[in-house]
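Report on the structure
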Amino acid sequence: METSSSGITNGRTKVFHPEGGVDLQSYQLDMQILPDGPRSDVDFSEILNAIQEMAKDVNILFDELEAVNSPCKDDDSLLHPGNLTSTSDDASRLEAGGETVPEKNKLNGLYFRDGKCRIDYILVYRKSNPQMEKREVFERNIRAEGLQMEKESSLINSDIIFVKLHAPWEVLGRYAEQMNVRMPFRRKIYYLPRRYKFMSRIDKQISRFRRWLPKKPMRLDKETLPDLEENDCYTAPFSQQRIHHFIIHNKDTFFNNATRSRIVHHILQRIKYEEGKNKIGLNRLLTNGSYEAAFPLHEGSYRSKNSIRTHGAVNHRHLLYECWASWGVWYKYQPLDLVRRYFGEKIGLYFAWLGWYTGMLFPAAFIGLFVFLYGVITLDHCQVSKEVCQATDIIMCPVCDKYCPFMRLSDSCVYAKVTHLFDNGATVFFAVFMAVWATVFLEFWKRRRAVIAYDWDLIDWEEEEEEIRPQFEAKYSKKERMNPISGKPEPYQAFADKCSRLIVSASGIFFMICVVIAAVFGIVIYRVVTVSTFAAFKWALIRNNSQVATTGTAVCINFCIIMLLNVLYEKVALLLTNLEQPRTESEWENSFTLKMFLFQFVNLNSSTFYIAFFLGRFTGHPGAYLRLINRWRLEECHPSGCLIDLCMQMGIIMVLKQTWNNFMELGYPLIQNWWTRRKVRQEHGPERKISFPQWEKDYNLQPMNAYGLFDEYLEMILQFGFTTIFVAAFPLAPLLALLNNIIEIRLDAYKFVTQWRRPLASRAKDIGIWYGILEGIGILSVITNAFVIAITSDFIPRLVYAYKYGPCAGQGEAGQKCMVGYVNASLSVFRISDFENRSEPESDGSEFSGTPLKYCRYRDYRDPPHSLVPYGYTLQFWHVLAARLAFIIVFEHLVFCIKHLISYLIPDLPKDLRDRMRREKYLIQEMMYEAELERLQKERKERKKNGKAHHNEWP
């Protein structure tokens, strides 16, 4: 018997009919009136079904009665006591009638108290909440739609009420047809193209050879995974008229749990809770606090006492935990079909994209590691590093005012060697490779997405006409116009109002970017002030490495500022997005996503851009330094170059950001769930933990964040930017990203399976606005890498020296032997007596040679002090500048041409997939025609047998 709500009230059971909520307790039967004899002779369920059919006839009369005399739906008379072991009178009568109620279903907390009706959705509210009338109307309309309902009070807090919803087969079929839910109707026939005998022989030889090879360790065991039938069947939109076409072994399992929950949620979004045009939908009740939570249930526990290899998986959640969320399977492929079946296509697409991105990082990480190892191998043969380490007679000018001492160039030997590890002959090749890699990654993702969309029946799926946001309706309810699609009047936002709001929002975005620039300006002032402080420090270790200490502390402080500003940016982005008043949820989500990405991208990379392109570029020269607010001398690069500062900035920020994100994603929910369990144990004792039903366990888990997958995507997109934008300065970035993503996949899986409530399964065709952002980052990476190689690194100055000024000038060679004398040629001479008073160092440099120094060296291409134009730019400076500009133009055009060529050559849809789609469409039409023809022929034969044949009959 299917019931919408049942409870123990004065020894009688209340049964509400799904259609109209009729109280059938007046039809309560006593087992004693049944005739004598074996109880198995009487099918009690048939009697109750007959009574329900009788009740349909008087349903209209009882509707009016119920509206007047029915008790409040929040009343305790409709509630079951929070005890899983007790049974209702329905269950006892069914047992007496000969039917055995599945005790296992009643105990696992996934079914109604009768053990037959599966819980498809949970609503949670508090009795103390004042929104009682809205809930009463809403729940009455829920039953009118055909959904069955039970209520249960919480074991922890009697004020918390759980509303359990179940959708019968009739309701599921009706709404599945309205929603165009695709269901399997025929097993797939795989078409194999005709092959020549020669190719067949080759395939046989290859298959024999593969038998000797070990099995692929990354593939999951096929015996462990369930047979996902919909992936091996042709699907079609569900139709009740053609129900005989579909493969229905069991009506209770025909629609999987995720689909059932999606259908119930679809119904709840269209149920009224109050009289009025816009008083409709569950989301509004969640917003105004009528309900505290709404979620589908997890399929039981994710742990089992028995091994999955010997006893199999208890449920899909347990299977996902063992085959996907467990750390022991970190090297295996993801069971994407199972993820899609349990969490829906939108979450499945996120993990498919994350897995594809991680897989594509392998070649990038390998090439980046090769570039780094190439620098290690060629370190001893690097002429520039040798000259720096042997330059004991070259004295460098102080890098700050007064407190910084003179230093030998050989003191920066270690930094010169470290710089060579990242800035070597393979760096340019790696920058070109990563630009091409980004394009290949995006193009092949489009192909991969097309295959996934085909396998998951998303090719022909179209998003439904979205509902208007309640905030938009409330703001513009007075102005209406006809919707061109639905033909119904809807609220309308005037063009002038929309433009004014967008202008204000853009102004807010500009202001927040100015805040970021101000924060970077503060970091610059810190670096300028601190380098002098560290130069006068008591500890020799810090005093001798004042620039490195300044850079390291500045990066850490910058990271703290980044994390603090991120919290502010989220609130500002939320405020500006709500100020714009987007019409639909997708418009709101896209607007919020764009703002948050822009804020966080600028926040995360602004200091990196400063170090890459501005640090040490506008400092002037000794004797004529440029100063900040005419007070602080701008910071100079290290004698070995600015690339070491950029490497430190990227390495520290990337490691700290990924560590913090992983902690917030997993550590924070773990701590919150642990604290909840601890409070429960303190209040009710540890023995009550076992008796919790599934809905209460899920309620105590953390809800999925309000922005859905936004945080997960944002983290990976920012990482993609770090991996591509400044990769020429830090070739190990792809390797760090790969290691993080291997952990990230399992962390996210563990979080979804164990720490979060089960999210509603929703559909999507792609990753949305994030793909456009990825393309923008790919274009920006080409430009930034061109500037990093040309301006930040010493690649161009070395190339100009080798071909124009070195020992091999005019010979067309550029080997290490051609770099002899490069260090001396890249340093200019300064007369110490020309120092400004506020810049003159306290030391006279007598500690180097016993006598005061007369000259020191600095990095630049300037004339000596005794020339006609002292400290003017040399001809070599202009040659280097021209070569840098030429390299930027050639590099950008070359890489962009390669990117566009690759985009043109790689089709978005694989050819074999296109052929499969065409053939499947043809076969589906043939199968539907044959099935319909077979049905008509059967009907014709039956009519002939019954003597009701007609003459004008087809076929």
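Heads up: the structure comes first, above all this text.
I will try to describe carefully the structure that is included in this document. (Residues numbered from 1 in each chain as written. Predicted model: local features only at pLDDT ≥ 70, side-chain atom pairs only at ≥ 80, totals over all residues. Heavy atoms only, no water.)

Examining the state of the cysteines
Where we set the bar: Criterion for a disulfide: a pair of cysteine sulfur atoms within 2.5 Å. The way it works is that DSSP assigns letters per residue, a run of H or I at least four long becomes a helix, a run of E at least two long becomes a strand, and they are numbered from the N terminus. Whether a residue is buried, partly exposed or exposed follows from its accessible area with a 1.4 Å probe, protein chains only, as a fraction of its type maximum: under 20%, in between, or over 50%, in that order.
Taken as a whole and judged by the stated rule, the model has three disulfides. Covalently, cysteine 389 is tied to cysteine 413 through a disulfide, its sulfur atoms 1.9 Å apart. Looking along the S-S bond of the cysteine 389-cysteine 413 disulfide, the torsion reads about 75 degrees, which is the right-handed sense. With cysteine 389 in helix H15 (residues 383-390) and cysteine 413 in helix H16 (residues 413-422), this residue pair connects regions lying 24 residues apart in the sequence. A residue is classified by how much of its surface remains accessible, and cysteine 413, at 14% relative accessible area, is buried. The disulfide that involves cysteine 808 links it to cysteine 818, with 2.0 Å between the sulfurs. Its S-S torsion of about -85 degrees marks the bond between cysteine 808 and cysteine 818 as left-handed, since a negative value means left-handed. Placement of the pair is cysteine 808 in the loop between helix H28 (795-805) and helix H29 (822-825) and cysteine 818 in the loop between H28 and H29, with a sequence separation of 10 residues.

Details of empty space enclosed by the protein
Counted only if it meets this: Lining residues are those with an atom within 4 Å of a point, where the points come from a 1 Å grid over the protein atoms alone and group into cavities, where a 1.4 Å probe fits but cannot get out, or pockets, open sets with protein on both sides within 12 Å along at least five of seven lines. Grid points are joined across faces, edges and corners, and a volume is the space filled by probe spheres set on the points. Put simply, Ala, Val, Leu, Ile, Met, Phe, Trp, Tyr, Cys and Pro go in the nonpolar bin, Asp, Glu, Lys and Arg in the charged bin, and everything else, Gly too, in the polar bin.
Scanning the model with the defined rule gives 12 cavities of 30 Å³ or more in all. Considered as a void within the structure, the largest cavity measures approximately 170 Å³ in volume. Mapped onto the lining of the largest cavity, the elements with two or more residues apiece are H15, H16 and H29. Within the lining of the largest cavity, the residues separate by chemical class into eight nonpolar, five polar and three charged. The computed volume of the second largest cavity comes to approximately 120 Å³. As for the second largest cavity, its lining consists of Leu604, Ile653, Met654, Lys657, Gln658, Asn661, Glu715, Met716, Leu718, Gln719, Phe722 and Asn740.

A closer look at the nonpolar core
In plain terms, the rule: Only buried residues count toward a nonpolar core, which is a set of Ala, Val, Leu, Ile, Met, Phe, Trp, Tyr and Cys residues joined through side-chain atoms within 4.5 Å. We call two residues in contact when some of their heavy atoms are within 4.5 Å.
Judged by nonpolar contacts, the single largest core of 151 residues is most densely connected at Phe343, Trp353, Tyr357, Trp437 and Phe891. No other element matches the 15 residues that helix H14 (residues 345-377) contributes to this core. Excluding its chain neighbours within four sequence positions, the residues that come into contact with tryptophan 353 are Phe441, Trp445, Tyr713, Met716, Ile717, Ile767 and Leu774. Ranked by size, the runner-up nonpolar core spans 39 residues in total, among them Tyr121, Ala176, Phe246 and Leu923.

Here's the deal with a nonpolar patch on the surface
This is how it is decided: Two joining distances apply to patches: 9 Å for like charges and 5 Å for nonpolar side chains (Val, Leu, Ile, Met, Phe, Trp, Tyr), and every residue must have over 30% relative accessible area and no salt bridge. Residue exposure ignores everything except the shown protein chains as possible cover, and the areas themselves are Shrake-Rupley values with a 1.4 Å probe. In the sections that follow, a salt bridge refers to a side-chain nitrogen of Lys or Arg positioned within 4 Å of a carboxyl oxygen of Asp or Glu.
On the surface, a cluster of nonpolar side chains totalling about 730 Å² of accessible area is made up of Trp660, Phe663, Met664, Tyr668, Ile671, Trp674 and Trp675. Along the chain, tryptophan 675 falls in helix H23 (residues 643-684).

Observations regarding the packing of aromatic side chains
Counted only if it meets this: A pair of aromatic rings is counted whenever rings of Phe, Tyr or Trp (Trp by its six-membered ring) have centres within 6.5 Å, and the orientation is called stacked for planes under 30 degrees apart, edge-to-face for over 60 and tilted otherwise.
Counted according to the given criterion, the structure contains 51 aromatic pairs. Between tyrosine 357 and phenylalanine 441, the aromatic rings sit 5.6 Å apart at their centres with planes inclined by 50 degrees, giving tilted as the arrangement. Placement of the pair is tyrosine 357 in helix H14 and phenylalanine 441 in helix H17 (residues 427-455), with a sequence separation of 84 residues. In this pair, the class of tyrosine 357 matches that of phenylalanine 441, namely buried. With 6.2 Å between their ring centres and 35 degrees between their planes, phenylalanine 614 and phenylalanine 618 make a pair best called tilted. Here phenylalanine 618 falls in the partly exposed class, since its relative accessible area comes to 48%.

This is a description of form; function is not addressed.
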